[in-house]
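# Working through the structure, step by step
Spelled out, the chains give:
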Amino acid sequence: MTGVFPPSARAVAAQLLVWAVVASAGWDYSENGADWGRKGYGLCAGDGQFSQQSPIDLPLRSVEPTGLRKVFLKYPPLDTTFSLYNNGHSLAFTLPEAYNAGFGFVPEEADLQGENAAVYRAWQVSFHAPSEHTLAGRRLPLEIQIVHQRVTGGEELAVVSVLFEEDSAMHSPFLDALLADGLPTQLWHDTQVNLVRSAKGSSSDDQLGLQALLTNSPFFAYEGSLTTPPCETGVRRFVRLKTQTASPGQIQSFKEALLAVGRPRGNYRVQPTNSTAGNVVLVGAVDTIGGSTSSAVDGAERAEDLHALVGGQGALDREVIANNPRLGEIRYNDSPELQNAKEEYKQAQVGYAAAQSAKDEATSQFNEAQAMYSSAQGTVAKIALKMKVVESQNTMRGMDGSLRMAKQKLDTAANDLLTVWRADRETDHSVGGIAELPTTSAIPTEFGSMKVATTVQPYSAGQHFGKTQLAIGPLEYPEPTVSLPRGLAASPFSKHGGAQTQVTVGSGPMHSEAAPLTRLAPNLRQFDGPDGYVKMPYRSGSASLVELSHDHRLSPELGLAEHPSPGRARLLARGPGRR
């Protein structure tokens with residue numbers, strides 16, 4: 001066999017075999033991202049200045065509104081058919097090049113035309129079930145993430161998320177359109193979607209489009225990262241404050257499809273325990289098509305109302321603990337104080353469960369006594385049963401008091417546990433067996449803050465919102481890379497009309513008419529597709545992590561050169577046809 005291939009070909013074949021092995025052990029959701037850092041996937045470890053990792057828990061209390069900038073939304077009706085596809089990690093679709101939509105993050109609408117305006121164009125949409133972000137410790141059943149790239153000024157990414165609640169009385173027209181032909185449940189299969197509701201649909205009442213999905217609510221805003229490897233940092237994160245609603249059937253369809261690509265718990269990344277992302281603020285939003293405005297101040301008041309609705313701080317503390325497995329078990333390297341706090345919380349949980357069970361039993365006996373009294377015949381029988389009703393009622397009230405006391409004890413234990421845990425994180429830097437970063441202060445950036453080891457004094461996030469630029473992680477993106485349109489002509493708010501469709505792949509330009517760009521990776525710098533191989537970006541100065549396409553097919557063409565030919569690049573851009 002050694003005489004069959006020249007040395008260079010044998011070397012290429014050996015390298016392909018290595019790549020295949022790496023790909024077969026590619027990233028997945030088996031630990032919901034907790035293993036990505038130790039496996040060396042890009043910036044997912046969140047070390048040093050790249051510690052602002054997403055997702056995070058979004059607070060409902062004391063979140064600061066800011067009026068320095070607003071989100072100006074412009075997502076016209078999407079009247080062309082697109083492919084919703086299964087990439088093995090999510091369901092996703094790439095917006096057509098001719099579709100120019102997005103948002104601006106500026107003080108006033110007139111600022112959208114500036115050459116350095118913070119204007120972002122939408123390109124890729126993905127789905128996560130359950131949600132990656134949590135709302136006051138509560139994980140919702142579905143999250144949609146829309147990835148944008150800045151077109152004027154900087155070139156960072158921005159992700160806009162929408163959280164979904166389940167409501168048997170509601171129905172989501174947007175999800176309905178995606179479900180019309182069924183969801184693609186097999187790897188790299190797709191279905192065709194058209195969001196056009198009818199010939200009478202207009203930009204102001206298009207209930208199927210992205211504009212209706214995003215408007216009429218302020219947004220949480222903070223600085224974070226992408227939530228899939230290589231977890232690029234320097235990403236603007238916006239999460240719609242008001243949740244959208246969908247029917248149980250709609251939610252279940254997405255949950256089943258996304259569980260299949262995110263086993264065993266779903267395709268969400270757990271919140272990194274060493275993340276310094278935070279300093280969440282609320283920003284107002286303007287519907288530039290329909291004209292409505294959502295105030296950040298009103299949003300802060302709504303957040304407080306939601307906080308009260310879900311049961312106050314005690315309930316939120318308990319949900320935070322429930323969503324953090326490290327707080328649910330005693331570990332060998334816990335401090336004595338943390339071990340004691342965990343034990344106290346466990347005992348309080350047992351006591352609360354016992355009190356709840358006793359209250360339920362007392363309530364059942366009271367209801368039974370009342371029913372017997374109501375159906376009793378004769379005065380003597382009613383008198384005897386009346387005494388039983390009073391007795392059972394007194395017992396029920398006593399159990400109700402015991403339950404309140406048990407709840408207070410549980411709330412106190414939850415608060416104590418979180419207080420000790422946070423204190424240990426600040427002093428020990430190794431709580432729960434995960435290396436923690438030193439306590440940091442905040443440096444004002446374009447919104448929120450970027451935390452690094454520094455002595456800068458604490459500040460109000462709202463006062464410094466919108467001041468400086470974000471740093472983007474040092475990642476190398478192997479060829480073929482994608483460069484999306486930038487500049488005023490590519491802006492959703494361009495006065496020239498239409499969309500700039502020039503896309504650069506590697507070193508050569510091509511136009512959308514020749515090679516429609518149908519599948520982009522969430523980082524918007526690479527393709528997402530099985531035709532050819534896709535190398536995972538790697539940190540500068542480190543060994544490259546290489547990943548083949550998800551179906552791991554080694555076509556003969558891969559052995560001809562290190563990178564696909566221009567024709568191959570066009571195939572990558574175009575993606576496979578409908579299957």
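Let us look at the structure shown here. (Residues numbered from 1 in each chain as written. Predicted model: local features only at pLDDT ≥ 70, side-chain atom pairs only at ≥ 80, totals over all residues. Heavy atoms only, no water.)

Looking now at the overall build of the protein chain. Within the protein chain, the secondary structure is distributed over 9 helices and 23 strands. In the protein chain, which comprises 579 residues, the proportion classed as buried is 49%. Looking at the protein chain as shown, the accessible area adds up to about 25100 Å², and 53% of this sits on carbon and sulfur atoms. (Helix = DSSP H or I, 4+ residues; strand = E, 2+ residues; numbered from the N terminus. Buried < 20%, exposed > 50% of the residue type's maximum accessible area, 1.4 Å probe, protein only. Areas by Shrake-Rupley, 256 points an atom, 1.4 Å probe, with all protein chains shown as cover.)

This part is about the sheet that holds strand β1 (residues 57–58). Read across the sheet, 3 strands follow the order β1-β7-β8 without closing on themselves; strand pairing throughout is mixed. Each edge of the open sheet is held by one strand with a lone partner, namely β1 and β8 (138–139). Summarising the sheet, β1 and strand β7 (residues 134–135) pair through 2 bridges and their orientation is parallel. Across the sheet, D57 pairs through a bridge with T134, a residue of β7. (Pairing = 2+ DSSP bridges.)

Position of S491 among the secondary structure elements: in the loop between β20 (482–483) and β21 (503–505). The buried category is assigned to S491, whose relative accessible area is 3%. In contact with S491, not counting residues within four places along its chain, are N100, V119 and V151. (Contact = heavy atoms within 4.5 Å.)

Moving on, we get to the environment of V193. Locating V193 in the fold gives a position in strand β11 (residues 190–193). For V193, a relative accessible area of 2% puts it in the buried group. For the pair V193 and S83, spaced 110 residues apart in the sequence, the C-alpha separation amounts to 6.2 Å. Apart from residues no more than four positions distant in its own chain, V193 is found in contact with T80, T81, F82, L84, A177 and L178.

Below, the discussion takes up the environment of R486. Summarising the element assignment, R486 is placed in the loop between β20 and β21. Spatially, the C-alpha atoms of R486 and Q149 are 8.6 Å apart, while their sequence positions differ by 337 residues. Engagement of the side chain of R486 in a polar contact is seen with the backbone oxygen of G153, the distance being 3.2 Å. A polar atom in the side chain of R486 sits 2.4 Å from the backbone oxygen of G154. (Polar contact = N/O pair within 3.5 Å; in protein donor to acceptor, adjacent residues only side chain to side chain.)

Moving on, we get to the packing of aromatic side chains. Applying the stated rule across the entire model yields 10 aromatic pairs. Ring centres 6.3 Å apart and planes at 45° place the aromatic pair F93 and F127 in the tilted group. Here F127 lies in strand β6 (residues 119–128) and F93 lies in strand β4 (residues 91–94), a separation of 34 residues in the sequence. There is no split in this pair, since F93 and F127 are both buried. Between F103 and Y120, the aromatic rings sit 5.0 Å apart at their centres with planes inclined by 20°, giving stacked as the arrangement. In this pair, F103 sits in strand β5 (residues 102–106) while Y120 sits in strand β6, placing the two residues 17 residues apart along the sequence. Of the two residues examined, F103 and Y120, each falls in the buried class. Lying across the ring of Y373, K382 places its NZ or CZ 4.5 Å from the centre. (Phe/Tyr/Trp six-rings, centres within 6.5 Å; stacked < 30°, edge-to-face > 60°. Lys NZ or Arg CZ within 6 Å of the ring centre and 35° of its normal.)

Pairing is possible between side chains of opposite charge, provided their charged atoms come close. According to the stated counting rule, one finds 8 salt bridges in the structure shown. In this structure, K39 engages D35 in a salt bridge whose closest nitrogen and oxygen atoms are separated by 2.9 Å. For K39, a relative accessible area of 41% corresponds to the partly exposed category. Of the charged contacts, one joins E223 and R236 as a salt bridge, the two residues approaching to 3.8 Å between their closest N and O atoms. (Salt bridge = Lys/Arg side-chain N within 4 Å of Asp/Glu carboxyl O.)

A word on the pairing of strand β3 (residues 82–86). Buried residues dominate β3, accounting for 5 of its 5 residues. Pairing between β3 and β11: 4 bridges, direction antiparallel. Residue pairing across strands places Y85 opposite D190, the latter belonging to β11. What sits between the antiparallel neighbours β3 and β4 is a turn of 4 residues, in which G88 has the positive phi angle 90°.

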